[in-house]
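Observations on chain architecture
The primary structure of each chain is shown beneath.
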Amino acid sequence: MNSDSPERMTAIVPESLDEALSATWLTAALRPNYPGIDVTAVHRGPVVDRVSTNARFGIECAGGVPAGLPRDLCVKGYFNDLGRGARRACAPEAYFYRDLAAATGVRTLRSVYADVDPASEHGVVITEDVHARGGRFLDVTSPYTPEQTAASLGEFATLHAATWTAPEYERLSWLAPRLAHLHATRGMAEIAANFDGPIGAEVPIEVRDARRLYDTYRALVSAEAASTAPSCVIHGDAHMGNLYLDGDGRPALLDWQLVQRGHWYLDVGYHIASTLTVEDRRHSERDLLRHYLDTLAAHGVQSPPWDAAWQAISRGILHGFYLWGITVQVAPEVTTELLRRLGTAAADHGAYETVAAGW
């Protein structure tokens, strides 16, 4: 599989939301998977317009909606002025849905169209509308139990195991590691603004140091680049807001903008520390790590030994702590709580010291 080959690209990726929600464009976009489809009407629903634009809609088709195609859909693209500047960075999500999601077996949004324009690097994805199917998107204010974290860790294990040391994913440029880019894009100014203001007030004082977080993450970037440990495809941004519960209440993953090759613990440490309250995480994190390792082994992967794995999740905790340290465009209450959770986990695990020591 070579997702970078020009023949896999199409020229029909839309430039505007109006185009994406037109019957003409939708007919052309859906025909490769649903031959003969003729979309005759589009019923627009709610739109969430931030960096990306997410628009829910329903369709009517000549002769009825084809079997297997949901009537209620959602399109995600980068149509506004802010989004156009993020297209290149966010294109991997469309590649993931187009070329990788189904092959991994990970529970995620069901995509009916995904592609990237080779000139603009604009990635657009159409998925089922999980709201219409009884699903519920989560954020850090949503209650989430250790048992639910165990279930979502199982999804990460599915993704990791399906791509574990697989050489075909080493050749795909859109899966190139991106930690160095994250470190270079934003850093000291954003972290200091968060740590010095009310957003960072609940971060433990022993880790509330912008310079130390920035420098330690740089050390993590270098260590990851030099690591010879088995790699896999990782989600890259494994926090609570990138989960939803399907109509049966099962957790699933979404928002794959930071998908990349990397190491399992970057997802696992980040996920455990960000989905649970501090008290629940302290009580259950060892059992949750064992559950992840057992699930990985059940998929046929030789999981790392316990002592090494326990040390390694400090890197994932630090990764999440850094990402939320540099976050400036999210509701303050969300950033505050995630910095509290991840900062406390970083303090509990001695993440600065562990990463500096080369673990």
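See the structure printed just above.
Everything in this summary refers to the structure shown in the same document. (Residues numbered from 1 in each chain as written. Predicted model: local features only at pLDDT ≥ 70, side-chain atom pairs only at ≥ 80, totals over all residues. Heavy atoms only, no water.)

1. Things to note about the nonpolar core
Phe96, Tyr97, Trp264 and Phe321 are the most contacted members of the largest nonpolar core, which has 89 residues in total. Of all the elements, helix α11 (residues 306-325) adds the most residues to this core, at ten residues. With near-sequence residues (within four places) excluded, Phe96 lies in contact with Ala101, Val106, Leu159, Trp174, Trp256 and Val259. In terms of nonpolar packing, the next biggest core, distinct from the first, is built from 24 residues, Val13, Ala20, Trp25 and Leu26 among them. (Core = buried A, V, L, I, M, F, W, Y, C linked by side-chain atoms within 4.5 Å. Buried < 20%, exposed > 50% of the residue type's maximum accessible area, 1.4 Å probe, protein only. Helix = DSSP H or I, 4+ residues; strand = E, 2+ residues; numbered from the N terminus. Contact = heavy atoms within 4.5 Å.)

2. Details of the sheet that holds strand β6 (residues 136-137)
Strand order in the open sheet made by the three strands is β6-β8-β9, with antiparallel pairing throughout. Each edge of the open sheet carries a strand with a single partner, namely β6 and β9 (251-253). Contacts between helix α5 (residues 146-162) and the sheet are confined to β8 (243-245) and β9, with β9 contributing the most and set at about 40° to the helix. (Pairing = 2+ DSSP bridges. Axes fitted to C-alpha atoms, helices over the stretch in contact; angles between N-to-C directions.)

3. Details of the environment of Ala346
With respect to the helices, strands and loops of the structure, Ala346 is situated in helix α12 (residues 332-349). Its relative accessible area of 1% is what places Ala346 among the buried residues. Once the C-alpha coordinates of Ala346 and Val207 are considered, the two residues, 139 residues apart in sequence, prove to be 7.2 Å apart. Beyond its immediate sequence surroundings of up to four residues, Ala346 is in contact with Val207, Ile317, Phe321 and Ala351.

4. Regarding the sheet that holds strand β5 (residues 123-128)
Ordered in space as β1-β2-β3-β5-β4, the five strands form an open sheet in which the pairing is antiparallel. Across the chains shown, the open sheet's two edge strands, defined by having one partner strand only, are β1 (39-49) and β4 (111-116). Shown here is a sheet whose adjacent strand axes are inclined to one another by a mean of 20°, direction ignored. Sheet analysis places strand β2 (residues 53-61) next to strand β3 (residues 72-77), joined by six bridges and oriented antiparallel. Each bridged residue has a counterpart across the sheet, and for Thr53 the counterpart in β3 is Gly77. Each of β1, β2, β4 and β5 is contacted by helix α2 (residues 23-30), which is oriented at about 95° to β1, the strand it contacts most.

5. Comments concerning the packing of aromatic side chains
Counting across every chain of the model gives ten aromatic pairs. Aromatic side chains Trp264 and Tyr265 sit 5.5 Å apart centroid to centroid with 75° between the ring planes, which places their arrangement in the edge-to-face category. On the accessibility criterion, Trp264 (5% relative accessible area) is buried. Each member of the aromatic cluster is reached from another via a ring pair, and the members are Phe96, Tyr97 and Trp256. Across the ring face of Trp310, the terminal group of Arg286 is positioned such that the distance to the ring centre comes to 4.1 Å. Stacked on the ring of Trp306, the Lys or Arg Arg290 has its end atom at 4.3 Å from the ring centre. (Phe/Tyr/Trp six-rings, centres within 6.5 Å; stacked < 30°, edge-to-face > 60°. Lys NZ or Arg CZ within 6 Å of the ring centre and 35° of its normal.)

6. Considerations on helix α10 (residues 278-298)
A rise of 1.5 Å per residue sets the reference length of α10, with its 21 residues, at 30 Å; its end C-alpha atoms lie 29 Å apart and thus fit the reference within 8%. If you look at α10, its biggest bend is around 60°, right at Ser284. Along its buried surface, α10 packs onto α5, α9 (264-275), α11 and α12. Phi turns positive one or two residues past the end of α10, at Gly300, with a value near 95°. (Expected span 1.5 Å × (residues − 1). Bend = angle between axes of the 7 residues up to and from the residue.)

7. Some words on the packing of α9 against α12
In contact at an axis separation of 8 Å, α9 and α12 are set at 125° when each is read in the N-to-C sense. Classed by the angle they form, the pair α9 and α12 counts as oblique. In this structure, α9 crosses over α12, and the sense of that crossing is right-handed. For the pair α9 and α12, contact is made by Tyr270, Ala273, Ser274 and Thr275 and by Leu338, Arg341, Leu342 and Ala345, respectively. Across the contact of α9 with α12, the residue classes break down as five nonpolar, two polar and one charged. (Parallel < 35°, antiparallel > 145°, perpendicular 65-115°, else oblique. Left-handed = near helix turned anticlockwise from the far one by under 90°. Nonpolar A, V, L, I, M, F, W, Y, C, P; charged D, E, K, R; others polar.)

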